[in-house]
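# Architecture and fold: a report
The lines below spell out each chain.
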Amino acid sequence: MKRIVYIMVGLSGLFLASCKKELSDNFTTYSNHPLNDTVWVRNVANTASVYDLFELLYPRDLLVDSLNAVNGGKLHFGDSVEVEFAPNTLVGPATSGTPQGNVRIELLPLRRKGDFIRVFRPTTTADGSLLETGGGFLIRAFKEDKELTLASNTSFELKFHDVDTAKPDMQAFYGREAVPAPLKGIDTVFSWVRDFNTGYLPTWSKISNNPLIPSYYGYEIQSKNLRWVTADRYIDSTLPNVKVTAILSPNFTNKNTAVFAVFDNQKIVVNCRHDYASRSFFARKIPAKSKIRLLSLSKIGSDLYLGVREISSVSLVTSYTITPQKKSLKEIITYLNDL
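Rules behind the numbers
Residues numbered from 1 in each chain as written. Predicted model: local features only at pLDDT ≥ 70, side-chain atom pairs only at ≥ 80, totals over all residues. Heavy atoms only, no water. Helix = DSSP H or I, 4+ residues; strand = E, 2+ residues; numbered from the N terminus. Buried < 20%, exposed > 50% of the residue type's maximum accessible area, 1.4 Å probe, protein only. Areas by Shrake-Rupley, 256 points an atom, 1.4 Å probe, with all protein chains shown as cover. Pairing = 2+ DSSP bridges. pLDDT = per-residue confidence, 0-100. Contact = heavy atoms within 4.5 Å. Arc of directions from axis to C-beta. Axes fitted to C-alpha atoms, helices over the stretch in contact; angles between N-to-C directions. Phe/Tyr/Trp six-rings, centres within 6.5 Å; stacked < 30°, edge-to-face > 60°. Lys NZ or Arg CZ within 6 Å of the ring centre and 35° of its normal. Core = buried A, V, L, I, M, F, W, Y, C linked by side-chain atoms within 4.5 Å. Salt bridge = Lys/Arg side-chain N within 4 Å of Asp/Glu carboxyl O.

On to the overall build of the chain, then. Along the chain, the regular secondary structure elements total four helices and 23 strands. Sorting the 339 residues of the chain into buried and exposed places 48% on the buried side. Roughly 16,800 Å² of accessible area belongs to the chain as shown, and the carbon and sulfur atoms make up 50% of that amount.

Both strand β3 (residues 73–77) and strand β4 (residues 81–85) contribute to a ladder of five bridges, which runs antiparallel. The partner of Phe 77 across the bridge, within β4, is Val 81. The antiparallel hairpin formed by β3 and β4 contains three residues in its connecting segment, where Gly 78 sits at a positive phi of about 65°.

Another point: the confidence of the model for the chain. The share of residues in the chain with pLDDT of 70 or more is 90%, and the mean pLDDT across the chain is 89. Segment residues 1–25: pLDDT under 50, and 56 contacts once partners within four positions in sequence are set aside and those in other chains are kept.

We now examine helix α4 (residues 329–337). The complete set of buried residues in α4 reads Ile 332, Ile 333 and Leu 336. Axial view of α4: buried residues confined to an arc of 95°, hence all on one face. Buried residues belonging to α4 abut α2 (52–57), α3 (113–118), β20 (292–300), β21 (303–311) and β23 (325–327).

What follows is about the sheet that holds β4. Strands pair in a sheet through their backbones, by hydrogen bonds, and they do so in one of two ways: parallel or antiparallel. Spatially, five strands are ordered β3-β4-β10-β14-β13 in an open sheet, and the strand pairing comes out antiparallel. Of all strands in the sheet, those with a lone pairing partner are β3 and β13 (203–206), marking the two edges. The average angle at which neighbouring strand axes cross in this sheet is 20°, direction not considered. When β13 meets strand β14 (residues 216–223), the two strands line up antiparallel, connected through four bridges. Among the inter-strand pairings, Trp 204 is bridged to a residue of β14, identified as Gly 218.

Looking now at the packing of aromatic side chains. Inspection of every chain in the model, using the stated rule, returns 12 aromatic pairs. Judged by centre distance (6.5 Å) and plane angle (65°), the ring pair of Phe 116 and Trp 192 falls under edge-to-face. Note that Phe 116 is positioned in helix α3 and Trp 192 in strand β12 (residues 191–194), a separation of 76 residues in sequence. Of the two residues examined, Phe 116 and Trp 192, each falls in the buried class. With a centroid separation of 5.0 Å and an interplanar angle of 90°, the aromatic rings of Phe 190 and Trp 192 are classed as edge-to-face. One exposure class covers both Phe 190 and Trp 192, and it is buried. Each member of the aromatic cluster is reached from another via a ring pair, and the members are Phe 54, Tyr 58, Phe 120 and Phe 260. Positioned over the ring face of Trp 204 is Lys 159, at 4.5 Å from the centre of the ring.

What follows deals with the nonpolar core. Within the largest apolar cluster, 34 residues are counted, with the highest numbers of intra-cluster contacts made by Leu 57, Ile 117, Phe 120, Phe 260 and Leu 297. Not counting residues within four places of it along the chain, the set of residues in contact with Phe 260 comprises Ile 117, Phe 120, Val 269, Val 270, Asn 271, Cys 272, Arg 293, Leu 294, Leu 295 and Leu 297. If you look at the next biggest cluster of nonpolar residues, it comprises 30 residues, including Leu 63, Ile 105, Ala 166 and Tyr 219.

Positionally, Ser 191 belongs in strand β12. Its relative accessible area of 4% is what places Ser 191 among the buried residues.

Here we come to the environment of Arg 284. Position of Arg 284 among the secondary structure elements: in strand β19 (residues 280–287). You can call Arg 284 partly exposed: its relative accessible area is 44%. Sequence spacing of Arg 284 and Val 242 is 42 residues, and the spatial spacing of their C-alpha atoms is 6.2 Å.

Time to look at unusual backbone geometry. Most of the time, phi is negative for any residue but glycine, and the peptide bond is trans. Val 179 connects to Pro 180 through a cis peptide bond whose omega is -5°. Examined against the element boundaries, Pro 180 turns out to sit in the loop between β11 (171–176) and β12. The phi torsion at Lys 285 lies on the positive side, around 60°, for a residue other than glycine. With respect to the helices, strands and loops of the structure, Lys 285 is situated in strand β19. According to the relative accessible area criterion, Lys 285 is partly exposed, its value standing at 34%.

Here we take up the side chain of Glu 177. Locating Glu 177 in the fold gives a position in the loop between β11 and β12. Accessibility expressed as a relative area gives 17% for Glu 177, which makes it buried. Discounting chain neighbours no more than four positions away, the residues touching Glu 177 are Arg 121, Asp 187, Val 189, Phe 190, Arg 227 and Trp 228.

Turning our eyes to something else, we now look at the pattern of salt bridges. By the definition in use, this model includes 17 salt bridges. The residue Glu 106 makes a salt bridge to Arg 104 at a minimum N-O spacing of 2.6 Å. Note that Asp 164 is salt-bridged to Lys 267, the shortest N-O span being 2.8 Å. Within this pair, whereas Asp 164 is found in the loop between β10 (156–162) and β11, its partner Lys 267 is found in the loop between β17 (257–263) and β18 (269–275), the two being separated by 103 residues in sequence. Since its relative accessible area comes to 34%, Asp 164 is described here as partly exposed.

Here is the structure:
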């Protein structure tokens, strides 16, 4: 029976002395509070509080259905999402063959920029190239809580809608994860990889003349991989680009804070890496004159913080200060869902 299930799922070199003074001036001492910890580390342990953000922000809504793995079949989720598996496409762990009976299919939609932030999957490749995304999914299949894979030389079909008008030059991308992929928490080596088939994805539309019924525009992917699947395209790499630096007060360190650069007019999310030497966060390859916002998320003790710095046009002066504000989890999720 189809249903929706709710579950929990570094800037090189030092800054000038004036920049250091700015950081020092912003420091406030709090009696017996974790905010007093201003120590940065070269390597962030997975026990650091920044990792708690993943557990708190991870979307709780999955699209869930089941099908017979031997027979295969097509699953429909509302009016705009379809996934189809051919017979004997899904196999068990350690190539144990196609499981008998029904298997569980789970889809986690990634439609908006905030979705990619909530799962800590920025729209970038391993070399830092920026991708504009049309959305995608985390797609998993299970038999008795054991995750299944695709049989060799097989694929499945995925059809889904974009929250914006579908673009004609999107391509299939897959998530490259750590081996083994973390069971929970932030995958620090994650990146998107383009399919060997670089052809443009077919697009589709479903136009409604009724104002009460939405119109849909989307993509079709013949996917050779389960798990992270998206429709993306490289942005123009010939444009002049710069490195953007985010500076926060010393209370916000790489142990408790994550920073993203989010484009206003395109679905692009860039992870700002931490730089131990300068105690700052940075992102490379940001096109000059882009309209972006630098967004910081922090967990210090039991408190959560959101910082936003809007930049109307990225210029050669690329160091920007972010001032985080204490927010509730609900307020942060609402903000991210509106991006």
